[in-house]
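So you can see what is in the structure, the chains are spelled out below.
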Amino acid sequence: MLVKRIIPCLDIKDGKVVKGTNFVNLRDAGDPVVLARKYAQDRADELVFLDIQATLDNRKTLVDLVERVARELDIPFTVGGGIKSVAIANEILRAGADKISVNSAAFIRPQLIQELSAKFGSQCVVVAIDAKEIDGQWIVHTSGGKVAQDKLLVDWAKQAETLGAGEILFTAMNADGTKNGFAMDALSELSEALKVPIIASGGAGTSDHFVDLFKNSGADAALAASVFHFKQIAIPTLKKELAKKQIPVRL
Amino acid sequence: MQSKNKIVVIDYGMGNLRSVKNRFKHMDVDATISSDLSEIAKADKLILPGVGHFEAGMKQLKDRGLLELLEEKVIQGNTPILGICLGMQLFTNFSEEGNVEGLGWIDAQTKKFDASIIQSLHKVPHMGWNSINVTNETVLTENLDTNDLFYFVHSYHVVCETDQNVLTKTTYGYEFVSAIFKDNIYGVQFHPEKSHDIGKQMIGNFVKAA
């Protein structure tokens, strides 16, 4: 049986993990390779690396990082941030990433999704969407959530799927950081509208939130950062809780 | 052990092979990635990985002069070979992906997931961690348990003519063949190089294979 995936997300700046982490006994807690290995040991099912300061100057640093991570990591990993072209995606994938994630660049030029899936296959292409609930409508935001777009979450997600997205990573901006639970209504709506897997992000605070997500929303995976980094939830404990509630996971 | 265990990962232009090599490197096993025919000819064991289109894969093998060499090494020379994902599918007689003939080493066909059977609950590609059910005992599946989880990414799967060649099965909407074998030939649909400790176990088993 295909299991539900738990995916920690590491924000990267200048080749280092930012948004501090709380792993004790690690000599270099900011080293993405050390953290990646630690998460793999904890039986994370995948990892996502997000370059939050993706500029031309930083790309070489990112490619180096991807190479170092690929050398050490024996679980799949996704890299996002600043991927605007097939050429950049190719660099990242050649360095050893399994998938690439695109967000604003794909919204600005949807054709990018088509180009990437034609070249690498849709299983390689994750389309990340940030959306915020405003007056009962989930509105797509780009540029790290700063710019509101005149488009609804479900409409853009469906368009991305048609263009060749292999997965949709939806971050609920309202829920992000609140630790009040996932955006269940939006996730259920997405799940009904889409055929591709959905990765839910934003709002995770307790194990029960993950139980609720997998029981009631149709999401295939959950992505979180701080609850894992700060050890509010340990992945092995979380997975045991999920298994207890009859949710299939990799223990 | 190393001297008699020269492993070559065959580079035929289908996808990134580095992750396979990285895993061997981690296990202190000497493996090289090569497209060089003389290098491949000297191998004690072969790995045929690959991600991508079946027809393109066959064309690459042909254009690079690998068809004859592989036939000689694997069929006449009994060199152990492990096919991963597309690599495994290429061992079959025929694929619906491009409607072309494969290597024909295993009496099987490669077919697309039947969307009418797997229904809307199951998405194609089949992507993520899924369990295997070991149906035949071989060195490759030593110390593996049914329900061990491996990482899968694929839209096509193998259908064997006979159960004798079926090594493991996996359920995704319906039960399909997730690993095959025949004499010195092994093929897995999943990615042991991406399947954490259990994948490492399986790669170690292949290294031990006679």
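In case you missed it, the structure is sitting above this.
Counting of residues starts from 1 at the beginning of each chain's written sequence and follows it residue by residue. Labels follow written order: the first chain is A, the first ligand is 1, and so on. In view of the model being predicted, local features appear only for residues whose pLDDT reaches at least 70, and side-chain atom pairs are presented and counted only at 80 or more, with totals across whole chains, interfaces and linings using the full set of residues. Water and hydrogen atoms were dropped before computing side-chain values, which therefore reflect all heavy atoms in the structure.

A. Representation of the packing of helix α5 (residues 111-120) of chain A against helix α6 (residues 153-163) of chain A in the model. All names here are of chain A. Note on definitions: angles span 0 to 180 degrees between N-to-C directions of axes, and those axes are lines fitted to C-alpha atoms, for helices only across the stretch in contact. Starting at the N terminus, helices and strands are each numbered in turn, a helix being any DSSP run of H or I of at least four residues and a strand any DSSP run of E of at least two. Between α5 and α6, whose axes approach to 8 Å, the crossing angle comes to 35°. By crossing handedness, the relation of α5 to α6 is classed as right-handed. In this structure, α5 uses Ile113, Gln114 and Ser117 to contact α6, whose residues at the interface are Trp156, Ala160 and Leu163. For the contact of α5 with α6, the class distribution of residues is four nonpolar, two polar and no charged. Crossings are sorted by hand: turned counterclockwise from the far helix by less than a right angle, the near helix makes the crossing left-handed, and turned clockwise it makes it right-handed. When checking whether two residues touch, look at their non-hydrogen atoms; a contact exists if any pair is within 4.5 Å. Any residue outside Ala, Val, Leu, Ile, Met, Phe, Trp, Tyr, Cys, Pro, Asp, Glu, Lys and Arg is labelled polar, Gly included; the first ten of those are nonpolar and the last four are charged.

B. Representation of the interface of chain B and chain A within the structure. Contact with chain B, which involves 25 residues of that partner, is made by 35 residues of chain A. In short, buried area is how much 1.4 Å probe accessible area vanishes from two parts on joining, totalled over both. Summing both sides of the interface, chain B and chain A together bury roughly 2,400 Å²; the carbon and sulfur share of this comes to 50%. Throughout this description, the term salt bridge denotes a Lys or Arg side-chain nitrogen within 4 Å of a carboxyl oxygen of Asp or Glu. For the interface between chain B and chain A, the tally reads two salt bridges. Between Asp197(B) and Arg43(A) there is a salt bridge, with its nearest N and O atoms 3.0 Å apart.

C. Expanded view of unusual backbone geometry. Even without glycine at this site, Lys231(A) takes up a positive phi of about 60°. For Lys231(A), the location among the structural elements is in the loop between α9 (226-229) and α10 (235-244). Relative accessible area serves as the criterion here: at 40%, Lys231(A) is assigned to the partly exposed category. For Asn143(B), which is not a glycine, the phi torsion comes out positive at approximately 60°. Here's how the labels work: a residue is buried when its accessible area is under 20% of the maximum for its type, exposed when over 50%, partly exposed in between, all with a 1.4 Å probe on protein chains only.

D. Highlighting the packing of aromatic side chains. Residue and element names in this part refer to chain B. Put simply, two rings from Phe, Tyr or Trp (the six-membered ring, in Trp's case) pair if the centres are within 6.5 Å, and we call them stacked under 30 degrees between planes, edge-to-face over 60, tilted for the rest. What the rule picks out here adds up to 14 aromatic pairs over all chains. For the ring pair Phe113 and Phe176, a centre distance of 5.2 Å and an interplane angle of 85° mean the geometry is edge-to-face. Here Phe113, found in the loop between β7 (108-112) and α6 (115-118), pairs with Phe176, found in strand β13 (residues 174-182); they are 63 residues apart in sequence, far enough to count as distant. The burial state of Phe113 is the same as that of Phe176; both residues are buried.

E. How the structure looks around helix α1 (residues 18-26) of chain B. Taken together, the buried positions of α1(B) are occupied by Ser19(B), Val20(B), Asn22(B), Arg23(B) and Phe24(B). Note on α1(B): the residue one or two positions beyond its end, Asp28(B), has a positive phi of about 60°.

F. Spatial organisation of the pattern of salt bridges. Residues and elements named next belong to chain A. A full pass over the atoms with the stated rule returns 18 salt bridges over all chains. Across the pair Glu167 and Lys99 runs a salt bridge whose closest N-O atoms are separated by 2.9 Å. Placement of the pair is Glu167 in strand β9 (residues 167-172) and Lys99 in strand β5 (residues 99-102), with a sequence separation of 68 residues. Comparing Glu167 with Lys99, the two get one shared label, buried. In the salt-bridge network here, residues are joined through shared partners; they are Arg5, Glu46, Lys99 and Glu167.

G. Molecular detail of the packing of helix α7 (residues 184-193) of chain A against helix α8 (residues 207-216) of chain A. Residue and element names in this part refer to chain A. At a minimum axis distance of 10 Å, the contact between α7 and α8 shows a crossing angle of 30°. Relative to α8, the element α7 is oriented roughly parallel. Seen along the crossing, α7 lies across α8 with a hand that is right-handed. On the side of α7, the interface is formed by Met184, Leu187 and Ser188, while α8 contributes Asp212, Leu213 and Asn216. Roughly parallel refers to an angle under 35 degrees, roughly antiparallel to one over 145, roughly perpendicular to one between 65 and 115, and oblique to any angle outside these ranges.

H. Representation of the state of the cysteines in the model. Working definition: a disulfide is two cysteine sulfur atoms within 2.5 Å of each other. All chains considered together, the criterion is met by zero disulfides over all chains. Free of any disulfide, Cys124(A) has its nearest neighbouring cysteine sulfur in Cys85(B), separated by 11 Å. Take Cys124(A): its relative accessible area is 10%, and that puts it in the buried class. Its sulfur unpaired, Cys160(B) is 16 Å from the next cysteine sulfur, which belongs to Cys85(B).

I. Spotlight on the nonpolar core. Here, the term nonpolar core denotes a set of buried Ala, Val, Leu, Ile, Met, Phe, Trp, Tyr and Cys residues that are joined through side-chain atoms within 4.5 Å. By size, the foremost hydrophobic cluster in this structure holds 88 residues, and its most contacted members are Phe77(A), Ile92(A), Val127(A), Phe170(A), Phe210(A) and Phe228(A). Apart from residues lying up to four places away in sequence, Phe170(A) is in contact with Ile129(A), Ala131(A), Trp138(A), Leu153(A), Ala183(A), Ala186(A), Leu187(A), Leu190(A), Ile199(A), Ala200(A) and Ser201(A). If you look at the next biggest cluster of nonpolar residues, it comprises 32 residues, including Val29(B), Val134(B), Leu140(B) and Phe181(B).

J. Representation of the pairing of β13(B) in the model. All names here are of chain B. A large share of β13 lies buried, amounting to seven of its nine residues. Whether two strands pair depends on DSSP finding at least two bridges between them. Looking at chain direction, strand β12 (residues 166-172) and β13 are connected through six bridges and run antiparallel. Across the sheet, residue Thr170 finds its bridge partner in β13, namely Phe176. Linking two consecutive strands that pair antiparallel, namely β12 and β13, is a turn of one residue; a positive phi of about 75° is found at Gly173 within it. Here β13 runs beside strand β14 (residues 185-188); their pairing, made up of four bridges, is antiparallel. When the sheet's bridge partners are listed, Ile180 is paired in β14 with Gly187. Where β13 folds back on β14, the antiparallel hairpin that results is connected by two residues, among which Asp183 adopts a positive phi of roughly 50°.

K. Up close: the pairing of strand β4 (residues 77-80) of chain A. Residues and elements named next belong to chain A. Residues Phe77 and Val79 line one face of β4 and the alternating positions Thr78 and Gly80 line the opposite face, and both faces are buried. Of the pairings in the sheet, the one linking strand β3 (residues 47-51) to β4 comprises four bridges and is parallel in character. Counted as the bridge partner of Val48 is Thr78 from β4. As paired strands, β4 and β5 are joined by three bridges and run parallel to one another. Residue Val79 lies in a different strand from β5, and its bridge partner there is Ile100. For the crossover from β4 across helix α3 (residues 86-94) to β5, the handedness is right-handed. When the strands point away from the viewer, a crossover counts as right-handed if the route from the first strand across the helix to the second turns clockwise.

L. Region of interest: the environment of Leu93(A). Here Leu93(A) shows up in helix α3. For Leu93(A), a relative accessible area of 8% gives the class buried. Expressed as a C-alpha distance, the spacing of Leu93(A) and Glu67(A), which sit 26 residues apart in the sequence, is 9.5 Å. Discounting chain neighbours no more than four positions away, the residues touching Leu93(A) are Asp98(A), Lys99(A), Ile100(A), Phe120(A), Cys124(A) and Asn16(B).

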